[in-house]
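Single-letter residue listing:
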Amino acid sequence: MNENSRIVAVTGGAGRVGRLLASNLDALGHTVRILDLPQAEFGGLENFETLPGDICDGDYVRSALAGADVVVHLAALLPPVAEERPELTHRVNVEGTKNALDAMDSMAEGGTLVFRSSVVVYGNTQYMQPPVTTDAPRRGAGAYPESKIAAEEAIGESGRAAVALRISGVSVPDFLLPPAVWPFTADQRMEFVLINDVAAALTSAAVGDFDTGMAVHNIAGGESWRLTGRQYSDAYLGTFQIPGDEAKFLDQSEAFDFYDIDSAVEDFGFSPTPFECFLSAFESSIAKALS
């Protein structure tokens, strides 16, 4: 273990992003502690300390975060369940975040919080001049966007050293059929990001040094990912040889746009994977699954 090694606690760490993050941190010589629900799948995480529990349980959170240098807060209820159960969404996404902040206040050395936020906090920005910057109004409507806005506000009010990454839609290069309805319109601007790049951004934030207060960065795919909804859909469906006219879209944009990621590039060297590389990996996963 190197002398700059940190103990990094990852809430919601048994999920796909958490696993990629844990692997990245482990490779850099940091100690990783995984927090997630007891019913989560912890298989494959035997090399890490795993602490099953509920982010809504303040006593559990205080115990699980004790001694950590950095907390990467991924735990959240996600759509569509988040919209179906708004009260639970608030309890998990907002009160759970406050539990993490309270637990960190009891740490002798404080610590840094890295928060997985979302670009949905901006809501529909198609009327704005792109790219969307982090000082854009937060007008996202619905249980999930509103919970992320409230969590960001709680973090900002805490005065704690924190980094909030507002992450765009995440693309996974696995054999996954397209959704019944895409979460964007056919004609809107949209810029997703590769899941591995999300984990890389979280890793950089976790090992960086930040002053008191909350830094906010957009995390999206960059120039090559800047497409219309139909362009993205056509490229995705094309890997399955499905006609593009079979796709269904929202009638009105609720989120997603082109995003200004310059601060993430400058502050911690964020370097997103080109869209063409994602398509190539996606096509390979489909070919492997069908072979």
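That block above? That's the structure.
Residues numbered from 1 in each chain as written. Predicted model: local features only at pLDDT ≥ 70, side-chain atom pairs only at ≥ 80, totals over all residues. Heavy atoms only, no water.

Chemist: What is the right way to read the pairing of strand β2 (residues 31-36) from this model?
Modeler: Two faces, one strand: in a regular strand the side chains alternate between the faces of the sheet. Among the six residues in β2, five count as buried, and that is most of the element. Bridge count for strand β1 (residues 7-11) against β2 is five bridges, and the pairing is parallel. Across the sheet, V10 pairs through a bridge with I34, a residue of β2. Tracing the backbone out of β1, into helix α1 (residues 16-27) and back to the parallel element β2 gives a crossover that is right-handed. The pairing of β2 with strand β3 (residues 49-52) spans four bridges and is classified as parallel. Bridging across to β3, R33 finds its partner in E49. (Buried < 20%, exposed > 50% of the residue type's maximum accessible area, 1.4 Å probe, protein only. Helix = DSSP H or I, 4+ residues; strand = E, 2+ residues; numbered from the N terminus. Pairing = 2+ DSSP bridges. Right-handed = clockwise from strand over helix to strand, strands pointing away.)

Chemist: Looking at this structure, how should I read helix α9 (residues 275-290)?
Modeler: For an α-helix, the turn length of 3.6 residues means that residues three or four places apart are oriented alike. Taking 1.5 Å of rise per residue, the 16 residues of α9 would be expected to cover 22 Å, and the 23 Å separating its terminal C-alpha atoms lies within 8% of that figure. Taken as a whole, α9 has its buried residues at F275, F278, L279, F282, S285 and I286. With its buried residues spanning 125° around the axis, α9 presents them on a single face. Exposed residues lying more than 90 degrees from the buried face of α9 are E276 and K288. Check the buried side of α9 and you find it contacts β7 (170-171), β9 (193-194), β11 (227-228) and α7 (229-239). (Expected span 1.5 Å × (residues − 1). Arc of directions from axis to C-beta. Contact = heavy atoms within 4.5 Å.)

Chemist: Which parts of the structure should I look at to understand the sheet that holds strand β10 (residues 214-219)?
Modeler: By way of backbone hydrogen bonds, the strands of a sheet pair with one another, either parallel or antiparallel. Taken together, seven strands build an open sheet; the order of strands is β3-β2-β1-β4-β5-β6-β10 and the sheet is parallel. The strands lining the two open edges of the sheet, one partner per strand, are β3 and β10. With strand direction ignored, the average angle separating the axes of adjacent strands in the sheet is 20°. Across the sheet, helix α4 (residues 86-105) is in contact with β4 (70-73) and β5 (112-118); its angle to β5 comes to roughly 170°. Along the sheet, helix α5 (residues 143-158) makes contact with β5, β6 (162-167) and β10, crossing β5 at roughly 155°. (Axes fitted to C-alpha atoms, helices over the stretch in contact; angles between N-to-C directions.)

Chemist: Explanation requested: the environment of P183 in the structure shown.
Modeler: Here P183 shows up in the loop between β7 and β8 (189-190). Each C-alpha atom, one on P183 and one on T11, is 26 Å from the other, the two residues being 172 residues apart in sequence. If we skip the residues at most four places from it in the chain, P183 touches F192, L250, A255 and F256.

Chemist: Got a minute to help me understand the packing of aromatic side chains in this structure?
Modeler: Describing an aromatic ring pair means giving the distance of the ring centres and the angle of the ring planes. Scanning the model with the defined rule gives 19 aromatic pairs in all. A ring pair is formed by Y236 and F282, whose centres lie 4.5 Å apart and whose planes are at 40°; its orientation type is tilted. Note that Y236 is positioned in helix α7 and F282 in helix α9, a separation of 46 residues in sequence. Both residues of the pair, Y236 and F282, count as buried. (Phe/Tyr/Trp six-rings, centres within 6.5 Å; stacked < 30°, edge-to-face > 60°.)

Chemist: It is not clear to me how unusual backbone geometry should be interpreted in this structure. Could you clarify?
Modeler: Trans is the common state for peptide bonds, and a negative phi is the common state for residues other than glycine. Of note, the bond from P79 into P80 is cis; its omega dihedral lies within 30 degrees of zero at 0°. When you line up the elements, P80 lands in the loop between β4 and α3 (81-84). In this structure, Q241 is a non-glycine residue whose phi angle is positive, near 60°. Owing to a relative accessible area of 73%, Q241 belongs among the exposed residues under this scheme. Positive phi is not limited to glycine here, since F256 has a value of about 80°. Within the secondary structure, F256 is located in the loop between α7 and α8 (262-268). For F256, a relative accessible area of 10% translates into the label buried.

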